Amino acid sequence: MERSVIIGGQAGEGIKEAANLLAKVLVNLGYSAFTYHDYPSLIRGGHNFSQVRFSNEPVAAPVEKADYIVALDERSVKEHLKNAKESTVWIVDEAVSSVEGIKLPLRKLAKGVMRSSAILGALLKAFRIERSAGEAVIEQLPQPEENKQVFNKSYDLAPEVEEIVEVEGIKGTYISGSEATALGAVDGGLNVYIAYPMTPASPVLHYLAAHKREFGIKVVQPENEIGVINMVLGAAYAGGRAMTGTSGGGFALMTETLSLAGMSETPVVIYEAQRGAPSTGVPTYTEQADLLFALFAGHGDFQRIVVAPSSARECYLLTREALNLAWKFQVPVIILTSKNVAESFFTEPIERERVVEEPKLWNGEGTYKRYTITEDGISPLAFPGTKGAVVKSNSYEHDEVGITTERPEVIRAMKEKRERKRQTIYNYFKDRSDTVTVGGDTNSNRVLVTWGENWGVCCEVGEELGYKAVKPNYLEPFPAERLKQELQGAREIIAVELSITGQFEKLLKLNGIEATRRFRKYDTRPIFKEELTRFLRGER
């Protein structure tokens, strides 16, 4: 059983909250819920909508058509006529006259964000779900008693449509990619999160700031992204596990200091949530056009690691690992995601566990040399205040102690040391099976190869139409050999991405992988299940 619900109205009317409340009720009943939020860069007015898709089977992608559409105004009806089926049930505010359906005084029952409770009441009654299930999630709201009154009035007024029963289905946590990223950072040993707000990375900053005392961390918002990244480096130099978050424009401002992290071998973690670009672009929508920028940003040769989560669970696991990788190898690590991973909500099992690996530390013997030449390229760490150690960090090329040098033989030795680190990192990943994930119809010789937020839709459509889905979880070092193993014998390789220039396909080509076809979407919206289906069936 599967249903999709679209809720539409103006910014400030509790549209997003209504969707999340509904999804929480459904998850409590055993369903898998996937929620996609669509909103313009407005605080009030305009048109917002959210889609809750739920099933007793796992779901992780948006769809075009809805079984239920809730419209608080005429514009919402106009915007979503294209999403209606013949059987779609419309639940609209009583002032809406352009469509037939269930009419309720949704706007009269409450003002502003509290309309979320009115929407929830109408939908739960339509689904014949006990009102106690709604009251349980409303308890989590800031004004629970007032919200319960609104909810119950709406519940009493709404008619029943069908019965959504409790199922022995999906057991998981309803969580966004942003919340999972924050929790992964904390469980990877985060000490301080330093960031300047930028959509769609801001929810991580907000979540960590709201819970900083619970997590025992510091959260700082400096004046801009240049200040941010330099403070992150300073915190790491002092021994603190530090991380920042931003989107493409903010990351652009950080790139000079990214090179400083490479030269000074300072462990930093940068969370980069992509949005519509270039420039200001489309701040509240999605794209995958920062891929090559993240891989090659900064001047000069230096190693980085880039991870690419596709879901909330992967956000948790890969962010936790990112903190440890940065300190294990003393390199910058970039967590590259996008709006529809960061801000969508998933139903997935997330078992929290604190995993903090100790980095290579100085043993206190002899003279401390920050950049000691080693066989694996990784030098022992010490921090200011360590007894017997003078800790020098240098942006200029330097010798083992950290003293500036221009001597060619020293420069060559230090570059070769850092290059050995690159090889050490490559060797660490090369035999790991988890660098690539496989889904869909795993026995098919027709393959959808993708990355990031497209994973859920590729797996679902692939399973239904007989396509194998394959994605890399790490973009640097790129798991080319592992990917080629999964593509061996494929008669068709289709590259699926959100980039008009095909940045992911270019990365595949750089690593000796040629796509035979390509699906590129670049209107800053996610790939809906029906449109990928039409493409694969040759209907577009």
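Here the structure is a predicted model, which is why all the values come from computation and not from measurement. (Residues numbered from 1 in each chain as written. Predicted model: local features only at pLDDT ≥ 70, side-chain atom pairs only at ≥ 80, totals over all residues. Heavy atoms only, no water.)

**Student:** I keep staring at the pattern of salt bridges and nothing clicks. Help me out?
**Tutor:** Any two side chains of opposite charge can pair, given that their charged atoms come close. Applying the stated criterion to the full structure yields 36 salt bridges. As a salt-bridge pair, arginine 418 and glutamate 397 come within 2.8 Å of each other at their nearest N and O atoms. A residue pair is termed long-range when its members are at least 10 positions apart, and arginine 418 in helix α15 (residues 408-430) and glutamate 397 in the loop between β14 (345-348) and α15 qualify at 21 residues. Glutamate 397 carries the same exposure label as arginine 418, and that label is buried. Two residues, glutamate 531 and lysine 521, come together in a salt bridge whose shortest N-O distance is 2.4 Å. (Salt bridge = Lys/Arg side-chain N within 4 Å of Asp/Glu carboxyl O. Helix = DSSP H or I, 4+ residues; strand = E, 2+ residues; numbered from the N terminus. Buried < 20%, exposed > 50% of the residue type's maximum accessible area, 1.4 Å probe, protein only.)

**Student:** Whenever I open this one, the packing of helix α10 (residues 225-237) against helix α11 (residues 248-264) confuses me. Can you help?
**Tutor:** Think of two packed helices as two axes; the pair is described by the angle between the axes and how far apart they sit. Interhelical geometry of α10 versus α11 gives an angle of 25° and a closest axis separation of 8 Å. When the interaxial angle is binned, α10 and α11 end up roughly parallel. As for the relative orientation of α10 and α11, their crossing is right-handed in sense. Residues Glu225, Ile226, Val228, Ile229, Asn230 and Leu233 of α10 form the contact with α11, whose own contacting residues are Gly250, Leu253, Met254, Thr257, Leu260, Ala261 and Ser264. Class assignment for the residues of the contact of α10 with α11 results in eight nonpolar, four polar and one charged. (Axes fitted to C-alpha atoms, helices over the stretch in contact; angles between N-to-C directions. Parallel < 35°, antiparallel > 145°, perpendicular 65-115°, else oblique. Left-handed = near helix turned anticlockwise from the far one by under 90°. Contact = heavy atoms within 4.5 Å. Nonpolar A, V, L, I, M, F, W, Y, C, P; charged D, E, K, R; others polar.)

**Student:** Hey, could you run me through the side chain of histidine 37 in this one?
**Tutor:** Along the polypeptide, histidine 37 turns up in strand β2 (residues 32-38). Using a relative accessible area of 2% as the deciding quantity, one classes histidine 37 as buried. Within the structure, the side chain of histidine 37 is placed 2.6 Å from the side chain of serine 50, a separation counted as a polar contact. (Polar contact = N/O pair within 3.5 Å; in protein donor to acceptor, adjacent residues only side chain to side chain.)

**Student:** Hey, could you run me through α15 in this one?
**Tutor:** Working note: α-helix, 3.6 residues per turn, so residues spaced by three or four point in the same direction. Compared with the 33 Å implied by 1.5 Å per residue over 23 residues, the 33 Å span of α15 between its first and last C-alpha is a close match. Those residues of α15 that sit buried are Met414, Lys417, Arg418, Lys421, Ile425 and Phe429. (Expected span 1.5 Å × (residues − 1).)

**Student:** Explanation requested: the domain arrangement of the chain in the structure shown.
**Tutor:** A common measure of how large an interface is: the accessible area buried when the components associate. Segmentation of the chain into domains returns domain 1 (2-157), domain 2 (179-348), domain 3 (360-430) and domain 4 (436-537). Using only C-alpha atoms to locate each centre, domain 1 and domain 2 end up separated by 32 Å. Facing the 13 residues of domain 1 at the interface are ten residues of domain 2. Roughly 1,000 Å² of surface becomes buried between domain 1 and domain 2 when both sides are summed, with 48% attributable to carbon and sulfur atoms. In this structure, the connection of domain 1 to domain 2 is made through zero salt bridges. (Domains from an automatic or database assignment. Buried area = accessible area lost by both parts, 1.4 Å probe.)

**Student:** I'm lost on the side chain of threonine 533 in this one. Help?
**Tutor:** Mapping threonine 533 onto the fold places it in helix α19 (residues 529-536). With residues up to four places along the chain from it excluded, the contact list for threonine 533 reads Val461 and Leu465.

**Student:** In this structure, what is going on with the packing of aromatic side chains? I would like to understand it.
**Tutor:** Aromatic rings in a pair are described by how distant their centres are and how their planes are angled relative to each other. Applying the stated criterion to the full structure yields 16 aromatic pairs. Seen from their ring centres, tyrosine 68 and phenylalanine 127 are 4.9 Å apart, and the 85° between their planes marks the pair as edge-to-face. Of this pair, tyrosine 68 sits in strand β4 (residues 66-71) while phenylalanine 127 sits in the loop between α4 (115-126) and α5 (131-138), and the two are 59 residues apart along the sequence. Seen from their ring centres, phenylalanine 429 and tyrosine 474 are 4.9 Å apart, and the 55° between their planes marks the pair as tilted. With a gap of 45 residues between them, phenylalanine 429 in helix α15 and tyrosine 474 in strand β18 (residues 474-476) connect regions that are remote in the sequence. Summarising the burial analysis for this pair, phenylalanine 429 and tyrosine 474 share the class buried. Within the aromatic cluster, the residues linked to one another by ring pairs are Tyr31, Phe54, Tyr68 and Phe127. (Phe/Tyr/Trp six-rings, centres within 6.5 Å; stacked < 30°, edge-to-face > 60°.)

**Student:** Looking at this structure, I do not really get the pairing of strand β20 (residues 517-520). What am I missing?
**Tutor:** Remember that side chains alternate between the two faces of the sheet whenever the strand is regular. Direction of pairing for strand β19 (residues 492-497) relative to β20: parallel, over a ladder of four bridges. Residue pairing in the sheet places alanine 495 in a bridge with arginine 518 of β20. Crossover handedness for the path β19 to helix α18 (residues 503-510) to β20: right-handed. (Pairing = 2+ DSSP bridges. Right-handed = clockwise from strand over helix to strand, strands pointing away.)

**Student:** Quick question: what am I supposed to make of the sheet that holds strand β8 (residues 192-194) here?
**Tutor:** As a general point, the strands of a sheet are linked pairwise by backbone hydrogen bonds and lie either parallel or antiparallel. A sheet is described by the order of its strands in space; here seven strands give the open sequence β9-β8-β10-β11-β13-β12-β18, paired in mixed fashion. Either end of the sheet is taken by a strand with one partner, and the two such strands are β9 (218-220) and β18. Each adjacent strand pair in this sheet contributes to an overall mean axis angle of 20°, direction not counted. Two elements, strand β11 (residues 268-274) and strand β13 (residues 332-338), share seven bridges in a ladder whose sense is parallel. In the sheet register, valine 268 faces β13, and the bridge partner there is proline 332.

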